[in-house]
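Summary of the model geometry
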Amino acid sequence: SDQNLKYLGLVGLVKLMKSNIKSVIDLRDLVLKCLNDDDITIRTKSLELLAGIVSRKSLVDLVHHLLGHAKHSEGSYRDEIITKILYMCKKDKYS
């Protein structure tokens, strides 16, 4: 698939998230798949989306998934994953 279109789709979802978060939540599995993309910009945008759609109900599952993903990542991307996990856990006092 075209990486540019995938990235633009994720950018569109970030914008949509601000007005209609339910639509983006429904695409959570698709966003999770983007974490495995070779393109770092796509992975980073996916992290941004996931941090924006996390809820008390989905937090544990999402953190578990991201921790598993972080084990297989390295460098600044792994740091970004851990930063997003910490952000999600403190967001809206989920901890």
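Residues numbered from 1 in each chain as written. Predicted model: local features only at pLDDT ≥ 70, side-chain atom pairs only at ≥ 80, totals over all residues. Heavy atoms only, no water.

Time to look at helix α6 (residues 75-90). The terminal C-alpha atoms of α6, which comprises 16 residues, lie 23 Å apart, in line with the 22 Å expected from a rise of 1.5 Å per residue. Considered for burial, the residues of α6 that qualify are Tyr-77, Ile-81, Lys-84, Ile-85 and Met-88. Seen from one end, α6 has its buried residues packed into an arc of 100°, which puts them on one side. α6 presents Ser-76, Leu-86 and Lys-90 as exposed residues on the side facing more than 90 degrees away from its buried surface. Contact partners of the buried residues in α6: α4 (40-53) and α5 (59-71). Downstream of α6 by one or two residues, Asp-92 has phi in the positive range, about 50°. (Helix = DSSP H or I, 4+ residues; strand = E, 2+ residues; numbered from the N terminus. Expected span 1.5 Å × (residues − 1). Buried < 20%, exposed > 50% of the residue type's maximum accessible area, 1.4 Å probe, protein only. Arc of directions from axis to C-beta. Contact = heavy atoms within 4.5 Å.)

The full count for this structure, using the stated rule, is 0 aromatic pairs. Over the face of the ring belonging to Tyr-77 we find Arg-43, whose NZ or CZ atom lies 4.4 Å from the ring centre. (Phe/Tyr/Trp six-rings, centres within 6.5 Å; stacked < 30°, edge-to-face > 60°. Lys NZ or Arg CZ within 6 Å of the ring centre and 35° of its normal.)

Turning our eyes to something else, we now look at the packing of α4 against α6. α6 packs onto α4 with a crossing angle of 10° between their chain directions and a minimal axis gap of 10 Å. Taken together, the axis directions place α4 and α6 in an arrangement best described as roughly parallel. Across from Ile-40, Arg-43, Thr-44, Leu-47, Glu-48, Leu-50 and Ala-51 in α4, the residues of α6 making contact are Tyr-77, Glu-80, Ile-81, Lys-84, Tyr-87 and Met-88. (Axes fitted to C-alpha atoms, helices over the stretch in contact; angles between N-to-C directions. Parallel < 35°, antiparallel > 145°, perpendicular 65-115°, else oblique.)

Attention shifts here to α4. Relative to the 20 Å expected for 14 residues at 1.5 Å per residue, α4 spans 20 Å between its end C-alpha atoms, a close match to the ideal helical length. Listed in full, the buried residues belonging to α4 are Ile-42, Arg-43, Lys-45, Ser-46, Leu-47, Leu-49, Leu-50, Ala-51 and Ile-53. Along its buried surface, α4 packs onto α1 (3-17), α2 (21-25), α3 (28-34), α5 and α6.

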